[in-house]
Structure formats: C-alpha cells, structure tokens
Amino acid sequence: MVNTMETLITKFNAIQDQFRLLREDPIELPQIVVVGIQSAGKSSVLEAIVQQSFLPRGTGIVTRCPLILQLIHCPVGDALRTTKGTTGVEEWGEFLHAGGRIFKMDEIRHEIEKETIKLAGVKKNISHDKITLKVFSPKVPNLTLVDLPGITKVPVEGQPQDIENQICDLVCSYIDNPLSIILAVVPANMDMAANEGLKLAKEADPDGTRTLAVVTKLDLMDQGTDAYDVLSGKVIPVKLGIIGVVNRSQQAIMDKKSIDDMLRDEREFLKKKYPSLIGCNGTPHLTKTLSELLLAHIKSCLPRVKARVQTEISTCENIIEACGANVEDKKKYLSRVLSDFCNEFSKVLEGGQPAFQSSKLLIGGAKICYLFDRLQKRFTAVQPCDLYCLERVTMMIRNASGPRPPFLVSEQVLEDLVKPLIADFREPSLSCVKAVMNELRNVFAEKFPRDAGLRFPLIKDKVGEILENTMNEYSKAALHMVNATIDIELAHITYGQFEDLVEKELHNIFAAESKEGAKSNTISTPPPPKKKLSGSNSAVSNFQFSSPPLFGTSFPTSAAEPLVSALPAVPAISFGESPSPVNLGIISNFALPFKRDPDFVVSLKKKLKVAEWEENEPIRSEKQLQEILKLNPNDEKHMIILGEMLNHYYKMVSNKVADSVAKTVMHFLVHEVKRYLHSELTEGMFPKSVMDTLFEEDREVEKRRQDSLDKLEVLKRVSRVLQSV
C-alpha cells in the first residue's frame, strides 16, 4: 500500500513539475486545494502536517501566490539522499524556480517571501503565478497540497479595492476543477453559516462529494460551547468528512512552541473535551485521511487523465502539422506551392468545382459564365422604342427632313435613335471585363494553399502582386477590343438587313389600308408583288408614299395617291395625356411603337417664342405647335417602319456586342492569364534575391508552432510517466 501510494503520488508530482515548466496546466490533475478565510489557520494546519515551522507569518494577507506543496517521504538511508547529497540532512526543501538547490527548513520561509515579492510585488497584491516547493522528510507522507491566499473582504493599505473579487477568482480557478479535493479550513470560533470559504466550496461542489472540512481553533471556542454538532456533520454539509484540530496560538508561535509539543497538547485537549471523537479528529488523523483520499482520488481519475493527455498530444500534433515543419529546401517548397495553386486556378476556371468546396455560391468559370449571361440580359431587357417618346421622334423626323420629307424612312433619324443606345453598351461591357478580373482575384483568394498563406504571408502577397500585374497587362488588349467593338458599331450603320423587314412591314401596312378602305367603301387596290428594295429609300413596286407638305394635310402627287387621300384624317395630338402607345386610327391593326410624353410637349412649349419661320414670323401659339406635331398618313407609316427597324437593329447589335465581349474577355484575358501565370510566377519569384525575402514566417504562426512543440514534448514525457503507473 505504501509503495503504491509513493508511486502514484510521486509520479503525479513529477507530472505537475512538467506542467510548471509550461507556466500552464494543459490538463486538470487531481489535487488537494486548501481554502479558507484570512487567519483561519491554514498555514498552521500545513505546518502541523509537515511538523515544521517554515511558512511566512504576519498580520493581514501573507499567502499572496498559490503554493504547490509537495511532501515526499524520504526515510533516513533512502537512495534519494545519496543522489541529492543530503545524507547528513534530515529534512530539506527544493523550489522548482531554484533548480536543484537544497534549502534548509529555516531558509524556506525567506525564499517564499522573496519569490512572492518577485511575482506579486512588494505591496499586498496577489498573483496567479505558482510557487512550487518540495519538502523531503522522514516525518511526512507522500502528499501534495495547494495553499491559496486567504479570503478577505476589506482591502488594507496597498491593496486594490477589488481584492476580494481577485482572491475569489483565484480560488475558484482551482476548486472549480472537478478533479480537485477541496480542503475547507473553518475556524470553530466563528459563525459557520457566514464563512466565505465554505460558501465558495459549496458553490463549486454543491453536493459536497469532494469537500473535506477541517475545523480549527477548537480550543478557542467560548466557554460553555463545544463543536460536537459541527464535528458530527450536523452543521457543515460535506461528504468526505469533518476533522477537528488544535493549532498553535499566536502566542505559542511567538514563544516558538515546537510542533511536537503542539501535537501532544492537541491529543490531550481532544481526549479531555471530545473523548468519543478522539479517534477521528486531530492532526495525525487529518494527515492519514488526506493521504488516503488523494491516493484513492488519483486512482479513480487516472483513466480520465490518461485519455486527456492523449487528446492533448493529438491536438498539438495537428497544430504542428497545420503550421508546417521547418522548410529545408525553399526552392522545392515554393515550386510545389506555385504548381498546386496554378493547377487549382486553372481547374476552377474550367469548371468541375463542387459547391461544398467553396465559400461562395459561384466561383471561377461558373461565375464568369454568370457575368456574361447577366450582361446579355441587361442588353436584351432594354426596349428601344420605350426610350423615345412620340413627340421627340416626330420632331427628329421634321428636323432631319429639311425642306423635303423622307420618301420612305429617314436614315438620319434611325442613326440618331440607335447610336446613343449603342454607346450605352460601353459602360456595362467594360464593367464586365473588370468584374471578370475581380473574379480572378476571388479565385486566387479562395484557392491559394491555405497552409502556405498562413505560414508565409509574403509568398501569398507576392503571388497576388504578380497575378494583378499579369491581369492588368492582358486586360489592356481586352479593354481595347471592347472599346473598338463599340466604336465599330457606332462608326457605321448597315442597312442591307432592313430590306426584307421594310418590305414585310409595307406589305402589312398595305393589307391593313386595303381592309380599312373596304370598310369605307373606297376603291381597293390589290397588294403589290414583293420586290427587293434597291436602296434604303427605294419604294416597293406599285406602292408609293405621297409627298405631302411638311406638316398636316396631304395633297395628291401620283397615281397611287387616291389610296392614301381616301383614308380618314389624322386626329390631332391631345396635350396633357399620359404616355401610352399611340393608335391614331389610320390603320386600326397597328399601334405606333412610340409613346406620348406630355412633359416633352411642355418643353416644346417653352420654345414657342424662340423658334421662327424663315419669313421671321414667330410661331407663338399651341395651335401652331399642334400642327407641327400632327401626323399625316405617311408620318404614321414612317413611325411604324422606323420603330421596327430600331428594335431589329438594336437586338442584332446587342447580341453581337454581348457575344463579342464574352469572346474578347475569354481570349485576351482569361485564357492568357491561365496560360502564362505559372511562367510569370516562376520568373518573378525564383530569383534567389527574391526567394530569400519570402520565407519570413508570420510571428503568430511561428510562436504557435514553438509553443505546441514545447507542450508536445512535455505531454509525451507525462504520457510515459502515466504509462508506467
């Protein structure tokens, strides 16, 4: 039993020592934590267990740092004494911070005070940094205890106002550990219900399953009172037991009363005052109970501790793998990173990217396809005739005609209508090129090897810089080609494709006129045979437009004129109506493609006193303006054909431009960047003068790897210790 206890507790002490080297506890270990209010007698209990006076004494808060007290049973003649060179010393101490230096028992107090000042300062502040003390003695059992600062409610001079909260936080950080045993030190001469130490212990251990209470100062209770109810477990709700002890008084300490004398007096006091409870109280019973509790607790926690150590080892190994090992061959490493990136870059642009592998809905080639489709839909969503009102087109026809009205359709008006729409293609087309460039940047950000980017951010930055320069270089040709495409379409309007369209519309109009004429009992002329137009202003055989005066009524000018002149008169435009498709009644089956716009008419009214006839007679009245805007039959036919030509030409050019932009972007930008990116990266990054500057690791990554390596080394040593248990 003794050998087992020595093995377990000694090995767990070794594990604690390893964790102290890390200045953190990677896992929670079973331990006994001593808590209590200030001056509850915690130090006296510990000295009684060690049977030596070695702890700092004084008024107010004395213990200001956690003290890890490891008691190691070392009988006279033990081989450990020979190893450490302490064969002539009965008892001694060693501090973890002092290496292997041997301290006599009367030197330990001063060293604790010195280290406390170093960690917590000269004032009355506290510190979470630990002091680890090993005490080797033939009088002590193998036992480990953690002594914490006493809980105080009122700050003294030199202490911060929140000292109570600071101490409580420190205490809770230890007793909240589910593997810790709470040794609650409670003075018998104080109200148990108001004891802050017991209160914290109950909050951390509501069921009391891992709390042992020590009732001190039994000899200082008021005359006529006793602690039978407390020692019998009727007052303090704990499961591990309640043990009463008698400590040295302050006067006894000042008189340098020995621990042996104190233990003798304690035994006599318990025999006299609590004879029925003497077997389960007193310092010797407390020492034995603590040793047995710690041993049993370590045994029960051992599987959990082993599993937790293995989990922490795996975590450290994963972190080290993510951070990467030290790079021995920089050129080889860089070559692999660039090749992997370029392969992924090309693959994503060509497709085949599963959606779950990207943080974006669409990426690479799929996103570029979406951008092209959106450009096409933006063009086709435009209805050209809706962008011009009937009155504006009428005025354009009047002003473009000069002294002679157009014979069939005004080419100048068609160009004036269509060219602004073609010019509007430029901005979204150029934006499409820039959107594709931005998508290439997104692919870079998404597909650059994450481990390399985190570990060597300068490599990622350099690749991004070269990619940006490459895109800018090849985008020049793409942007130039897009601009040239728009300029080409603006430079010349082709009319050849309009012949069939115009002939078809004339045939439809003629058929509608014939139907109207039949309804009015007028002479009906059979439809003319189809014949190709010889030019943009050619008339279809056997069908001619009349040549009316510039505005208003028409006069017969040819043999075909009776057909037109027999039609009803054109109604005047009504000012102030809401915009709507216009049907003037000349041809009931046709609605003019342009809508009215009262606001435009209002703008024309403002020019009434500015515009003049050639004879310098001012056009002053709205009636005269109505006469200008009034459509005759030829105007109506002109409008219908002009609208059809505008729609047809806009649709043809928009499809051509959208198709050209897509092909231009793919040929001059996407394919070229994909083809030459790897060679550009190699040329820009492989010169030694450049390469040497790229492998500066991120300090956070470097620190994380080193911390994990240190932690892994400690955990592996701990694992070997645990495996030997």
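Since the model is a prediction, treat every value here as computed from it, not as a measurement.

Student: With reference to specific residues and values, describe the nonpolar core.
Tutor: In this structure, Ile459 and Leu669 are the most contacted members of the largest nonpolar core, which totals 79 residues. The element contributing the most residues to this core is helix 22 (residues 633–685), with 20 residues. Sequence-distant contacts of leucine 669, defined by excluding residues within four places in its chain, comprise Val433, Val436, Met437, Leu440, Met471, Tyr474, Ser475, Ala478 and Thr664. Counting 58 residues, the second largest nonpolar core, distinct from the first, contains Leu71, Phe103, Leu293 and Leu295.

Student: Please give an account of the pattern of salt bridges that cites residues and values.
Tutor: Applying the stated criterion across every chain, the model contains 25 salt bridges. For glutamate 489, the salt bridge goes to lysine 656, with nearest N and O atoms at 3.4 Å. Taken as a pair, glutamate 489 in helix 17 (residues 457–491) and lysine 656 in helix 22 lie far apart in primary sequence, 167 residues in all. Note that lysine 688 is salt-bridged to aspartate 692, the shortest N-O span being 2.9 Å. In this pair, lysine 688 and aspartate 692 both sit in helix 23 (residues 688–694), four residues apart, roughly one turn of the helix. A single salt-bridge network, built from bridges that share partners, covers Arg308, Glu312 and Lys711.

Student: Can you explain the packing of helix 13 (residues 390–401) against helix 20 (residues 598–605)? Please cite residues and give values.
Tutor: Contact geometry for helix 13 and helix 20: axes closest at 8 Å, N-to-C directions at 45 degrees. Between helix 13 and helix 20, the interaxial angle falls into the category oblique. Contacts between helix 13 and helix 20 involve Glu391, Arg392 and Met395 on the former and, on the latter, Phe600, Val601 and Leu604. Split by residue class, the contact of helix 13 with helix 20 holds four nonpolar, no polar and two charged.

Student: Go over the environment of valine 661, please, and point to the residues and values.
Tutor: Position of valine 661 among the secondary structure elements: in helix 22. Here the alpha-carbon distance between valine 661 and valine 433, two residues 228 residues apart in the chain, equals 8.0 Å. Not counting chain neighbours up to four residues away, the residues in contact with valine 661 comprise Leu375, Ser429, Cys432 and Val482.

Student: Which residues make up empty space enclosed by the protein, and what values do they have?
Tutor: Counting across every chain of the model gives four cavities of 30 Å³ or more. Taken as a whole, the second largest cavity encloses approximately 100 Å³ of empty space. Looking at the second largest cavity, the residues that line it are Ser43, Leu55, Pro56, Val62, Thr63, Arg64, Cys65, Leu67, Ile112, Thr116, Ile131 and Asp147. Looking at the lining of the second largest cavity residue by residue, the class counts come to seven nonpolar, three polar and two charged.

Student: Requested: an account of the pairing of strand 3 (residues 92–95), with residues and values cited.
Tutor: Here strand 3 shows two buried faces, one formed by Trp92 and Glu94 and the other by Gly93 and Phe95. Sheet topology places strand 3 next to strand 4 (residues 131–137); four bridges connect them, and they run antiparallel. Following the sheet pairing, glycine 93 is matched in strand 4 by valine 135.

Student: Residue-level account of unusual backbone geometry, with values.
Tutor: Here serine 39, not a glycine, exhibits a phi torsion of approximately 70 degrees, which is positive. Mapped onto the elements of the fold, serine 39 is located in the loop between strand 1 (31–35) and helix 2 (42–50). Judged by its relative accessible area of 56%, serine 39 is exposed. Phi is positive for lysine 217, which is not a glycine, with a value near 60 degrees. Its location among the elements puts lysine 217 in the loop between strand 7 (211–216) and helix 7 (228–231).

Criteria and thresholds
- Residues numbered from 1 in each chain as written.
- Predicted model: local features only at pLDDT ≥ 70, side-chain atom pairs only at ≥ 80, totals over all residues.
- Heavy atoms only, no water.
- Core = buried A, V, L, I, M, F, W, Y, C linked by side-chain atoms within 4.5 Å.
- Buried < 20%, exposed > 50% of the residue type's maximum accessible area, 1.4 Å probe, protein only.
- Helix = DSSP H or I, 4+ residues; strand = E, 2+ residues; numbered from the N terminus.
- Contact = heavy atoms within 4.5 Å.
- Salt bridge = Lys/Arg side-chain N within 4 Å of Asp/Glu carboxyl O.
- Axes fitted to C-alpha atoms, helices over the stretch in contact; angles between N-to-C directions.
- Parallel < 35°, antiparallel > 145°, perpendicular 65-115°, else oblique.
- Nonpolar A, V, L, I, M, F, W, Y, C, P; charged D, E, K, R; others polar.
- 1 Å grid on protein atoms, 1.4 Å probe; cavity = no way out; pocket = protein on both sides within 12 Å on 5 of 7 lines; lining within 4 Å.
- Points joined across faces, edges and corners; volume = space filled by probe spheres on them.
- Pairing = 2+ DSSP bridges.

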